[in-house]
Amino acid sequence: LPPDDDASETGPTLAGAASEVVTRGEPVLPETDTAVLASTVVAQTSPNNLPEPVTSFVGRAAQIWDVAQRLGASRLVTLTGPGGIGKTRLALEVARRAVVGGADEVWLVELAALADPALVPAAVAKAVGADEQSGVDPVRALAEHLALRPTLLLLDNCEHLVAACARLVDAVLAACPRLRVLATSREPLGVPGEAVWPLPTLTVPGPGEPVSRDTVTGYEATRLFVERAALGRPGFVATERNTAAIVDVCRRLDGIPLAIELAAARVRALSVDEISARLDDCFRLLTGGSRAASPRQQTLRGAIDWSHDLLAERERVLFRRLAVFAGGFTLEAAEAVAGVEDPGDVLDALVRLVDGSLVVAEEDDTGAARYRMYETIAQYAAERLTAVGERDLLGRRHRDFYLRLAEAAEPHLTGPRQVEWVVRLERERDNLNAALRWSVDATADGEASMRLCWALGRFWSIPAHLAEGRSWLERALALAPEASNPLRPRVLLWAAQLARLQGHRAAAASRLGESLEAA
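Residues numbered from 1 in each chain as written. Predicted model: local features only at pLDDT ≥ 70, side-chain atom pairs only at ≥ 80, totals over all residues. Heavy atoms only, no water.

### Concerning the packing of aromatic side chains
Geometrically, a pair of aromatic rings is defined through the distance of the ring centres and the angle of the planes.
Part 1 of the reasoning: What the rule picks out here adds up to six aromatic pairs.
Part 2 of the reasoning: Pairing Phe-325 with Phe-329 gives two aromatic rings, centres 4.7 Å apart and planes at 25°, and the pair type is stacked.
Part 3 of the reasoning: Residue classification places Phe-325 among the buried positions, given a relative accessible area of 9%.
Part 4 of the reasoning: On the accessibility criterion, Phe-329 (2% relative accessible area) is buried.
Part 5 of the reasoning: Relative to Tyr-402, the ring of Phe-325 has its centre 6.5 Å away and its plane inclined at 80°; by these criteria the two rings are edge-to-face. With a gap of 77 residues between them, Phe-325 in the loop between helix 14 (313–321) and helix 15 (331–338) and Tyr-402 in helix 18 (residues 391–409) connect regions that are remote in the sequence.
Part 6 of the reasoning: Residue classification places Tyr-402 among the buried positions, given a relative accessible area of 0%.
Part 7 of the reasoning: Within the aromatic cluster, the residues linked to one another by ring pairs are Phe-325, Phe-329, Tyr-371, Phe-401 and Tyr-402. (Phe/Tyr/Trp six-rings, centres within 6.5 Å; stacked < 30°, edge-to-face > 60°. Buried < 20%, exposed > 50% of the residue type's maximum accessible area, 1.4 Å probe, protein only. Helix = DSSP H or I, 4+ residues; strand = E, 2+ residues; numbered from the N terminus.)

What follows is the structure in structure tokens.
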């Protein structure tokens, strides 16, 4: 084995090489310049099997730097994220820059088409050029081949072979001190020393953020859309007319590169406005990817199918049931609404969905865990929920849970815990609106609608919620016109109060009179 000081230099050299090419001590170079430089040097100098890029690499400068730094600190880095988020492309860019900086060998092992876990060692050995030896364990042969070679091994698409990849990586890292591994997977490998790096989506303009044709390409997602659209329709550019639609498409697709590229390809036949209008059925729209790509990369549905098929049955049940939530949810809500049989089983299944990149886990402003799905994945889960006939069951459970929350909040909206409860209701605003839609539109349940509206009346008196609250109050009153309903006077009183706060004095006086008569 090499001296310890030689082995310890491998990390800083690799990270430094990648980061040097990214920065050169100055602001980040344009992506096209660094890609050309990297691919040129790769072709001329270093042993590798990296493919040449055929399209521009958009954005991700900060992520390239971060991953390179992680590789300097850890000998195993795993990029995780849902299908289509760009794990492979980012890993290849990091590898190219590492080669430019002087890493001796960089080998890509593509595992997507491999079905048999037992063949993983042989696939890796073939990629790195290790000779097959009759009667010799392939893992041992691979370790002997890589033992003294400074090598970066890129294992791409490990998720369906995660156990086999974990065993192999654990063995070769222990035997090869100059080896580093960069893996892409929809879930971590679970190997000691692994640095897991969840890949974020591309940047998009925030809600309400003003964007013009001159600034729209300053965001990664919208720039990718414009560049890929121009490939399909030469001369395509962002204009004052289509900029808002471009932003809407990229926001609704959550900045996921595959989805954006598939949407951009549709400009050959549709305007951007027409693409935006059809995203409610995104799986029918977002097809027609590269014929050379694997089936799971040719359509958005195929990309999510790949992840869904790797789930156990209990996880599939929870996955589709989580589609009933809007704007995120808590573990408590998931257990109450989407529990499979025993609500306590939800946690294990939810962790598996987070690990599989189908659910995103975040912390809210109180430090509590909160979960959400990307919109495209939620659409897929909703289709599954409807297909098995559980939509009514889950809609009712969801409505009942948030009705209980609203009624628990109501007495505190004038007490010392007012701010705490207003913040909580604000956080659940999308779910409360979904519960109201279920009561008013889907089931025409006048009783539940009245209870929700009465409980939320004071919350809606916040100036930002006046129009929304008054709309729900009027719709609930129209749904339950009977004067005998004991909640009707209170709901009429809130309708009057919100109308008064909006300056509609005649409507307020009318509703006050009705409230007094009903009482």
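### Regarding the sheet that holds strand 2 (residues 105–110)
The strands making up a sheet associate through backbone hydrogen bonding, with each pair oriented either parallel or antiparallel.
Part 1 of the reasoning: Ordered by their spatial adjacency, five strands build an open sheet running 2-3-4-1-5, and the pairing between neighbours is parallel. In this open sheet, the two strands that pair with only one neighbour each are strand 2 and strand 5 (194–198). Shown here is a sheet whose adjacent strand axes are inclined to one another by a mean of 15°, direction ignored.
Part 2 of the reasoning: Two elements, strand 3 (residues 151–156) and strand 4 (residues 179–184), share five bridges in a ladder whose sense is parallel. Among the inter-strand pairings, Leu-153 is bridged to a residue of strand 4, identified as Val-181.
Part 3 of the reasoning: Running at roughly 170° to strand 5, helix 3 (residues 61–73) makes contact with strand 1 (76–80), strand 3, strand 4 and strand 5 of the sheet. (Pairing = 2+ DSSP bridges. Axes fitted to C-alpha atoms, helices over the stretch in contact; angles between N-to-C directions. Contact = heavy atoms within 4.5 Å.)

### As for the environment of Phe-225
Part 1 of the reasoning: By the element assignment, Phe-225 lies in helix 8 (residues 220–232).
Part 2 of the reasoning: Exposure remark for Phe-225: the relative accessible area of 0% places this residue in the buried category.
Part 3 of the reasoning: In sequence terms Phe-225 and Val-237 are twelve residues apart; their C-alpha atoms lie 9.9 Å from each other.
Part 4 of the reasoning: Here Phe-225 is in contact with Phe-236, Ile-246, Val-249, Cys-250, Ile-260, Ala-263, Ala-264, Val-267 and Val-272, once residues within four sequence places are set aside.

### Description of the nonpolar core
Part 1 of the reasoning: Of all hydrophobic cores here, the largest spans 113 residues; its most connected members are Phe-225, Leu-322 and Phe-329.
Part 2 of the reasoning: If you look at the next biggest cluster of nonpolar residues, it comprises 33 residues, including Leu-114, Leu-155, Ala-164 and Leu-179. (Core = buried A, V, L, I, M, F, W, Y, C linked by side-chain atoms within 4.5 Å.)

### A word on unusual backbone geometry
Part 1 of the reasoning: Even without being glycine, Asn-157 reaches a positive phi, approximately 65°.
Part 2 of the reasoning: Looking at the element boundaries, Asn-157 is found in the loop between strand 3 and helix 7 (162–175).
Part 3 of the reasoning: Not every positive phi belongs to a glycine, and Ala-444 is a case in point at roughly 50°.
Part 4 of the reasoning: Exposure remark for Ala-444: the relative accessible area of 45% places this residue in the partly exposed category.

### Observations concerning the pattern of salt bridges
Part 1 of the reasoning: According to the stated counting rule, one finds 29 salt bridges in the structure shown.
Part 2 of the reasoning: The shortest N-O distance in the salt bridge between Arg-372 and Glu-362 comes to 3.0 Å. Taken together, the positions of Arg-372 in strand 7 (residues 369–372) and Glu-362 in strand 6 (residues 360–363) put the pair ten residues apart, joining distant regions of the chain.
Part 3 of the reasoning: Salt bridges sharing partners connect three or more residues here, namely Arg-89, Glu-93, Arg-96 and Arg-97. (Salt bridge = Lys/Arg side-chain N within 4 Å of Asp/Glu carboxyl O.)

### Things to note about the confidence of the model for the chain
Keep in mind that low pLDDT regions are not for reading the predicted coordinates in detail.
Part 1 of the reasoning: Residue-level pLDDT values for the chain average 83, and 85% of them are 70 or greater.
Part 2 of the reasoning: For residues 1–44, every residue scores under 50 in pLDDT, and the model assigns this stretch 67 contacts once sequence neighbours within four places are set aside.
Part 3 of the reasoning: Of the regions scoring below 50 in pLDDT, residues 289–293 engages in five contacts with residues more than four places distant in sequence or in other chains. (pLDDT = per-residue confidence, 0-100.)

### Things to note about the environment of Leu-152
Part 1 of the reasoning: Along the chain, Leu-152 falls in strand 3.
Part 2 of the reasoning: We classify Leu-152 as buried; its relative accessible area is 1%.
Part 3 of the reasoning: In sequence terms Leu-152 and Arg-180 are 28 residues apart; their C-alpha atoms lie 4.9 Å from each other.

### Thoughts on the side chain of Thr-184
Part 1 of the reasoning: Relative to the helices and strands, Thr-184 resides in strand 4.
Part 2 of the reasoning: In this structure, Thr-184 is in contact with Leu-79, Lys-87, Thr-88, Ala-91, Leu-155, Asp-156, Asn-157, Cys-158 and Glu-159, ignoring residues within four places of it in sequence.

### A word on the pairing of strand 6
Part 1 of the reasoning: As paired strands, strand 6 and strand 7 are joined by four bridges and run antiparallel to one another. Looking at the pairing, Ala-361 lines up with Tyr-371 of strand 7.
Part 2 of the reasoning: Where strand 6 folds back onto strand 7 in an antiparallel hairpin, the turn is made up of five residues, including Gly-367, whose phi is positive at roughly 90°.

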